Structure formats: structure tokens, C-alpha cells
Amino acid sequence: MTDPAIAANGLRKSYGDKVVLDGVDLSVPEGTVFSLLGPNGAGKTTAVKILSTLVSPDPASGEIRVGGHDLAAEPQAIRAKIGVTGQFSAVDGLITGEENMLLMAALHHLPKRDGLRVAAELLERFDLVDAAKKPASTYSGGMKRRLDIAMTLVGDPRIIFLDEPTTGLDPRSRHTMWQIIRELVTGGVTVFLTTQYLEEADQLADRIAVLNDGRIAAQGTAEELKRLIPGGHVRIRFSDPTAYRNAASALREVTRDEEALALQIPSDGTQRDLRSILDRLHSAGVEADELTVHTPDLDDVFFALTGGTAAVPDQPKEIVG
Ligand SMILES: Nc1ncnc2c1ncn2[C@@H]1O[C@H](COP(=O)(O)OP(=O)(O)OP(=O)(O)O)[C@@H](O)[C@H]1O
Ligand SMILES: [Mg+2]
């Protein structure tokens, strides 16, 4: 077992009277993607800033370790291992993309020749070669974002923090960014990602935490989170109307779809639940033509956990998969 890349216990932060983070625990294994979700103002950026040493946590916080180093004792060692792409671009619009890259290389104390090589490689990898000599102010939002991440990678960080990396990007640019993130993870990089797009967390994250009111309301894989809230169901379809009617009377609590000859039954999608449904059909002597399990999507989870109307688990839940 290696140490997690990022681990926080009882992370707290207040600004004056305002409690922003009220005891947040999280642990991110090396080489995985962790996504922090939460409504505007939930404290996502604050968490990123603390974990990346840009802002101090409250003294009442528990131990925080990043890249194997204690945040309070060895912030410099942590800074050498991480890269941060902030919510708001760090790109300087007055200079060219290439100059932005070389500036980063200089900040990392790379010798000039290495800086030029790394800049050229990253500009190529992020499809910015044609734009490299143009002022960054002329770049589109997607190009600026790519340049932002390219700049983050100059020091070859093993842990990167991406605060809303795809906000404002069109679907194609977003997919490009997802591909870039996947490639980083394949290369063993640990990614801590905040996002407003639940689909993004669903696509990329090994583990997701939902931040609400300064605390983690729930965390787990996307599938585990979806199972937390009601809305899951099983749909059973028949081609024979008689079988359909027999099944409808054999199963209780069904919603009928007469036109499609389909029945919908609330279900948590577990094996036990499915078996009980199948057993009841079997006892009634009917066989379904098709059975599909539907779980709620992450949007449902997000609304339920962050003050929507759906049923909310009233205790923070840690799901062990
Ligand atoms: N330097 C600061 N001084 C005072 N309050 C702050 C400071 N930084 C953040 N806050 C407050 O902390 C809360 C959390 O802010 P934060 O930027 O972390 O939220 P967020 O989850 O990133 O939101 P968004 O989705 O809008 O980016 C907000 O109420 C914000 O006003
Ligand atoms: Mg933010």
C-alpha cells in the first residue's frame, strides 16, 4: 500500500464568522482522479487553494498530507510536486503562448535549452503550435484553457489540481480536455478536479465527493452515489400482452406502460432485489423479453444532496464499495 497522494483530516477554514470548510476528510489514491462537486460558494476553490499550499487552513484542522509531505511542515516540498490550474486563467494575454510557456519554465528554474524543448513539446501536445507566436489575448477560450494546462505541466508535476478546467468550453473542447486528463492519469498523475459538470465527474472521476454546507455530504464512485438516492428502477418489457398482464398482477408497486408492454418497478438495482423480482415472475409463470436496470443520474444525486427536494440521507455517508 502506498500513501495516498492527497489526504486531509478535519480540514477547516473560516473567513471571519463565515465557516467555509467545516471538517472535510478526503483521501485520494495515487494515479486516480478525484472530483469535488458542490454548488457555487460551497468551498471547492478554497479546498484546492489549501491543498495546493496557496492558502493556510485553520489551525484547528487535522493532518493534511500531499505527495507524502505534511502541508504545515513542508509546503515547499509539496510545491515542487504539484501543478495547479486555477479557476481563473493564469495566462498572460499580452505575451504569446510560447512566451507564457517559457515564463513557466523560468519559474521552474529549467535551463534555457530544456525550457525551449519542454515548451515546444507541450505546445505540440496541446495543439497550440500554430498559435504559439500569437499574443494569448487572441486565443479562444478553449485554446487559453489548453495553454493554462500546458503551463501547469511544465514542471512535470505528479499531482495536479484543476479547478473547473472545462467551465465555459464547448462540448468538443470539453472532450479534448477529458482526453488530456485521461492521458495524464494513464501516465500515473493524480488529478484533483473540481467541476460544475456532473457528467464530467461521471466520465473522469474514480471517486467523487459532494461538498455542501462546508462538509462532504457524500462520497463514493459515481455508481455508489447514484444508488444513494431514490429514482432507481427496473424496467421489464414483454412482447406477449398476456405475459405482460400476468406479470403486472404478480408484481406489486408497478408503473404500467401499456403501449410498450413494459412495467417499471422501484429498485435499488442490487442483485438481491433483481432476484426477488425474477422469482416473482417465475412463480407467476411468465418470462420477460427484456430487463433493464436504471439508476438515477448524477444530477439527481447533486440536487438531492445539496438542498433539493428529493430525499436526502441525513447523515454524511461514506460508502465502502
Ligand atoms: N479570501 C476570502 N475572504 C473571504 N471570503 C472568502 C474568501 N475566499 C472565499 N471566500 C468565501 O468562501 C466561500 C467559498 O468560496 P469558494 O470560492 O471556495 O467556492 P466555490 O465552491 O469554489 O464556488 P464556485 O463554484 O462559485 O467557484 C464563499 O462564500 C466565498 O465568498
Ligand atoms: Mg470555485
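Details of the structure are given in the entry above.
Quick summary incoming for the structure in this document. Just so we're clear, the structure is a prediction, and the values are computed from it rather than from any experiment.

Let's talk about the packing of helix α5 (residues 141-152) against helix α6 (residues 171-186)
Here is step 1: At a minimum axis separation of 10 Å, α5 and α6 run at an interaxial angle of 15°. Here α6 runs roughly parallel to α5, going by the angle between their axes. Read as a crossing pair, α5 and α6 show a hand that is right-handed. For the pair α5 and α6, the contacting residues are G142, R145, R146 and I149 in the first and S173, T176, M177 and I180 in the second.
Here is step 2: Grouping the amino acids of the contact of α5 with α6 by side-chain chemistry returns three nonpolar, three polar and two charged.

Let's talk about the sheet that holds strand β4 (residues 64-66)
Here is step 1: If you walk across this open sheet you meet the four strands as β2-β1-β4-β5, and the pairing is antiparallel. Of all strands in the sheet, those bounded by a partner on one side alone are β2 (18-28) and β5 (69-70).
Here is step 2: In this fold helix α1 (residues 44-51) packs onto β1 (6-15), β2 and β4, with an angle of close to 120° to the strand it touches most, β1.

With respect to the coordination of the magnesium ion (ligand 2)
Here is step 1: Here the magnesium ion (ligand 2) is held by T45 (OG1) and Q87 (OE1), and the distances to it run 1.9 to 2.2 Å. Here Q87 lies in the loop between β6 (82-85) and α3 (97-107) and T45 lies in helix α1, a separation of 42 residues in the sequence.
Here is step 2: A relative accessible area of 22% means that T45 is categorised as partly exposed.
Here is step 3: Exposure remark for Q87: the relative accessible area of 26% places this residue in the partly exposed category.

Considerations on the environment of N9
Here is step 1: The residue N9 is located in strand β1 in this model.
Here is step 2: Along the chain, N9 and G62 lie 53 residues apart, while their C-alpha atoms are 4.9 Å from each other.
Here is step 3: Once residues lying within four places of it in the same chain are set aside, the contact partners of N9 are V24, D25, S61, G62 and E63.

Some words on the environment of S173
Here is step 1: By the element assignment, S173 lies in helix α6.
Here is step 2: Residues S173 and S239 lie 66 residues apart in sequence; the distance between their C-alpha atoms is 43 Å.

Regarding the side chain of R174
Here is step 1: The residue R174 is located in helix α6 in this model.
Here is step 2: No salt bridge is formed by the buried R174; the nearest opposite charge belongs to E200, separated by 4.2 Å.
Here is step 3: Ignoring anything within four residues of it in the chain, the contact list for R174 reads T166, L169, Y197 and E200.

Describing the site of ligand 1
Here is step 1: Among the 13 residues in the neighbourhood of ligand 1, the closest are listed as K18, G41, K44, T45 and T46.
Here is step 2: N40 places a polar side-chain atom, nitrogen or oxygen, 3.0 Å from an oxygen atom of ligand 1.
Here is step 3: A distance of 3.4 Å separates an oxygen atom of ligand 1 from a polar side-chain atom of E164.
Here is step 4: Protein burial of ligand 1: of its 640 Å² of free accessible surface, 63% is covered by the chains.
Here is step 5: At the level of elements, β2 and α1 are the ones that each hand at least two residues to the shell around ligand 1.
Here is step 6: When residues of the shell around ligand 1 are assigned to their parent elements, the largest contribution, three residues, is made by α1.
Here is step 7: Here the residues of the shell around ligand 1 sort into four nonpolar, six polar and three charged.

Considerations on the sheet that holds strand β13 (residues 262-266)
Here is step 1: What the four strands build is an open sheet, ordered β12-β13-β11-β14; its pairing is antiparallel. Either end of the sheet is taken by a strand with one partner, and the two such strands are β12 (255-257) and β14 (290-294). Sheet twist, expressed as the mean angle between neighbouring strand axes with direction ignored, is 20°.
Here is step 2: Sheet topology note: the strand β11 (residues 233-237)/β13 ladder contains five bridges and is antiparallel. Within β13, the residue paired with I236 across the bridge is L263.
Here is step 3: Across the sheet, helix α9 (residues 241-250) is in contact with β12 and β13; its angle to β13 comes to roughly 20°.
Here is step 4: Most of the contacts of helix α10 (residues 271-283) go to β11, to which it runs at about 30°, and overall it touches β11, β13 and β14.

Remarks on unusual backbone geometry
Here is step 1: A positive phi angle, near 70°, is found at T53, a position not held by glycine.
Here is step 2: A positive phi is found at H109, a non-glycine position, where the angle reads about 60°.
Here is step 3: Residue position: H109 is located in the loop between α3 and α4 (112-125).
Here is step 4: Residue H109 is classed as exposed on the basis of its relative accessible area, which comes to 70%.

The rules behind the values
Residues numbered from 1 in each chain as written. Chains lettered and ligands numbered in written order. Predicted model: local features only at pLDDT ≥ 70, side-chain atom pairs only at ≥ 80, totals over all residues. Heavy atoms only, no water. Axes fitted to C-alpha atoms, helices over the stretch in contact; angles between N-to-C directions. Helix = DSSP H or I, 4+ residues; strand = E, 2+ residues; numbered from the N terminus. Parallel < 35°, antiparallel > 145°, perpendicular 65-115°, else oblique. Left-handed = near helix turned anticlockwise from the far one by under 90°. Contact = heavy atoms within 4.5 Å. Nonpolar A, V, L, I, M, F, W, Y, C, P; charged D, E, K, R; others polar. Pairing = 2+ DSSP bridges. Donors = N, O, S within 2.8 Å, 3.2 Å for Na, K, Ca; no water. Buried < 20%, exposed > 50% of the residue type's maximum accessible area, 1.4 Å probe, protein only. Lys, Arg positive; Asp, Glu negative; His and termini not counted. Salt bridge = Lys/Arg side-chain N within 4 Å of Asp/Glu carboxyl O. Near = heavy atom within 4 Å. Polar contact = N/O pair within 3.5 Å; in protein donor to acceptor, adjacent residues only side chain to side chain. Areas by Shrake-Rupley, 256 points an atom, 1.4 Å probe, with all protein chains shown as cover.

Function cannot be read off these values alone, since they describe shape.
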